[in-house]
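Summary of the model geometry
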Amino acid sequence: MDYVRIRGGRALCGEISVSGSKNACLPILAACLLTKDECVIENVPHLSDTRLMLKILQLVGAHVQYQSKHTVSIRAESVDPHAPYELVKQMRASVCLMGAFLGRTQTSDVSIPGGCVIGQRPIDLHIKGFNKLGCKIEIKNGNLCIDGRDMHGERIFLGGRNGSTVTGTANILMAALGAKGTTTIECAAYEPEIIDLCHFLQKLGAVITGVGTSTLTIEGGHELHGCRYRIIGDRMEAGTFICAGLMTRGKLKILNNTPNINSVVYDKLNDIGANVYEDADGTIFVDGSNCELRSSEVVTMPYPGFPTDLQAQFCALLTQANGISIVTERVYPSRFMHVPELNRMGAGIMIEGEHAIIHGVTSQRLIGAQLMASDLRASAALFLAGLCAEGETIVSRVYHLDRGYERFDEKLRSLGADITRESA
Ligand code: EPZ
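One numbering rule holds for all chains: residues counted from 1, following each sequence as written. Thresholds applied to this predicted model are a pLDDT of at least 70 for local features of residues and 80 or more for the giving and counting of side-chain atom pairs; totals over whole chains, interfaces and linings are not thresholded and use all residues. Remark: hydrogens and water are excluded; side-chain values derive from all non-hydrogen atoms of the structure.

This next bit is on the nonpolar core. Nine residue types can take part in a nonpolar core, namely buried Ala, Val, Leu, Ile, Met, Phe, Trp, Tyr and Cys, and a core is a set of them joined through side-chain atoms within 4.5 Å. Accessible area is worked out with a 1.4 Å probe on protein chains only. A residue is then buried under 20% of its type maximum, exposed over 50%, and partly exposed in between. With 74 residues, the main nonpolar core has Leu33, Ile41, Leu57, Ile74, Leu97, Phe200 and Leu201 as its most contacted residues. Secondary structure counts use DSSP, requiring at least four H or I residues in a row for a helix and at least two E residues in a row for a strand, with both numbered from the N terminus. Broken down by element, the residue count for this core peaks at 7 residues, all from helix α1 (residues 22-31). When near neighbours in sequence (up to four residues on either side) are disregarded, Leu57 contacts Leu29, Ala30, Leu33, Ala62, Val64, Ile74 and Leu97. Counting 68 residues, the second largest nonpolar core, distinct from the first, contains Cys243, Phe314, Met345 and Leu384. Residue contacts follow a heavy-atom distance rule, with two residues in contact if any of their heavy atoms lie within 4.5 Å.

Buried residues dominate helix α4 (residues 96-105), accounting for 8 of its 10 residues. For α4, every residue scored as buried is listed here: Cys96, Leu97, Met98, Gly99, Ala100, Phe101, Leu102 and Gly103.

By this rule, a helix spans an expected 1.5 Å times one less than how many residues it contains. Taking 1.5 Å per residue, 12 residues should reach 16 Å; helix α2 (residues 48-59) reaches 16 Å between its end C-alpha atoms and fits that length. When we look at burial in α2, the residues that qualify are Asp49, Thr50, Leu52, Met53, Leu54, Ile56 and Leu57. For α2, the elements touching its buried residues are α1, β4 (63-68), β5 (71-75), α3 (85-88) and α4. Gly61 sits one or two residues past α2 and shows a positive phi near 120 degrees.

Two aromatic rings, taken as a pair, are described by how far apart their centres are and by the angle between their planes. Two aromatic rings from Phe, Tyr or Trp, using only the six-membered ring of Trp, form a pair when their centres are within 6.5 Å; if the ring planes differ by under 30 degrees the pair is stacked, by over 60 it is edge-to-face, and anything between is tilted. Evaluated as defined, the whole model comprises 7 aromatic pairs. The interplanar angle of 90 degrees and the centroid separation of 5.6 Å between the aromatic rings of Tyr190 and Tyr303 together place this pair among those described as edge-to-face. With a gap of 113 residues between them, Tyr190 in the loop between β11 (182-186) and α7 (192-203) and Tyr303 in the loop between β18 (297-300) and α10 (311-318) connect regions that are remote in the sequence. Under the relative-accessibility criterion, Tyr190 is labelled partly exposed at 23%.

As a further point, take the site of the ligand. As a structural note, the neighbourhood of the ligand is formed by 25 residues, with Arg92, Thr165, Thr167, Asp309 and Val331 the closest of them. Contact distances for the ligand include 2.7 Å between an oxygen atom and a side-chain N or O atom of Thr165. A 3.5 Å cut-off defines polar contacts: any pair of N or O atoms within that distance qualifies, except that in protein one atom must be a possible hydrogen donor and the other a possible acceptor, and neighbouring residues in sequence count only when both atoms are side-chain atoms. Within the side chain of Tyr332, one N or O atom sits 3.0 Å away from an oxygen atom of the ligand. Surface exposure here means Shrake-Rupley accessible area, sampled with a 1.4 Å probe, where a residue is shielded only by the protein chains that are shown. Taken by itself the ligand offers 820 Å² of open surface, and the protein chains cover 92% of this. Sorting the residues of the shell around the ligand by element identifies α1, α5 (124-132), α6 (166-176) and α12 (376-388) as the ones contributing at least two each. When residues in the shell around the ligand are grouped by element, the largest group, 3 residues, is from α5. The nonpolar class holds Ala, Val, Leu, Ile, Met, Phe, Trp, Tyr, Cys and Pro. Asp, Glu, Lys and Arg form the charged class, and all remaining residues, Gly among them, are polar. Class assignment for the residues of the shell around the ligand results in 9 nonpolar, 8 polar and 8 charged. Note on definitions. A residue lies near a molecule or strand when any single heavy atom of the residue is within 4 Å of it.

Structure below.
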């Protein structure tokens, strides 16, 4: 099992290019099943999650071929709408296969995804949406068996106790393409990744209006054709590198970010006095060399609120800000697995329910330690802490990080970090 060894205290400097967005790519790869024609997807990040999704597509009948390092051709001339448990259980995003199967074949048999360390991962809203579309649903041996042959357009309110659902919106959106008539989804998620999925579906010939808003209208029953499509840049990776530049007091230029999809993050960075700027084509400039960071309050919410997928990284960042910061996690209230590990480095963070109270000090640096990664974004937070800590930090179980960050240690090394990846 791999681990990384980081010797902290080096300012990161230089240019880095973010990879394609994991959370845009996964539903778009699933959506390639909606047509029998070839789809060519560019800017596909090399991640364990994307490789797993491509493996599942092959298993269900698609022909998958890498045309180059980040360009994949997918042609699903026929689809067997059954996703195997041993693969689905490894990645929650496989849940998007349900909507793709229904949109193409009007049936679906996919294992119900389990929970994970960041919290319960219910799919009650997905099921509500499928039911509203007229699907008949049965749970058999842990699988959700869905018969959507009578699917018809409907008006569906998809909001839940924590607001909108990203993959739930993706699922109902794709299923509605296989329904007779027009479907309206109210309280739809409109994260940049959902907008990217809508743009991809429109390129396939889908008729979708309201893209970028919380109300989507989908015309079902259209024959969809193939296309070539480029995935947006990963805003969570961009946000993670912004934190890295600030925490190491370095100077970074971050490329391949998609323009103005991080405005809520910039608003918070401005609050804490960070010197970060994005130009018209999305290039981000970070100068952490002489900014004294101020404490602040962060509350995670569905888009356009502060993204929960940057919460752990901001907790690490705010340990370097003067004063007491409060980070409130409203999407996954128990998503604080990074906190005990950060405290082992000397961070002063207390958890009170859904709040992390961070006693940030710029005077006393974090101290390197042996740490264990627990989930994707917590791993990133531990890397960031190790980069700015005094001494050596070891982060084990980096397979969590490989799910969502492509060659992260190599990218950090190219910016001057003293980081090596080793196998135990
Ligand atoms: C997506 O997960 C992302 N994953 C997550 O990123 C991200 O944290 C999350 O959206 C929120 O932005 C992918 O896109 C592959 P949700 P998803 O359904 O769709 C509740 C990462 O680190 N809910 O939007 O599974 C749920 O409990 C990952 O890249 C219901 O109550 O999240 C949560 O509180 C982690 N019932 C909230 O809604 C449902 O049926 C948002 O969940 C579905 C969700």
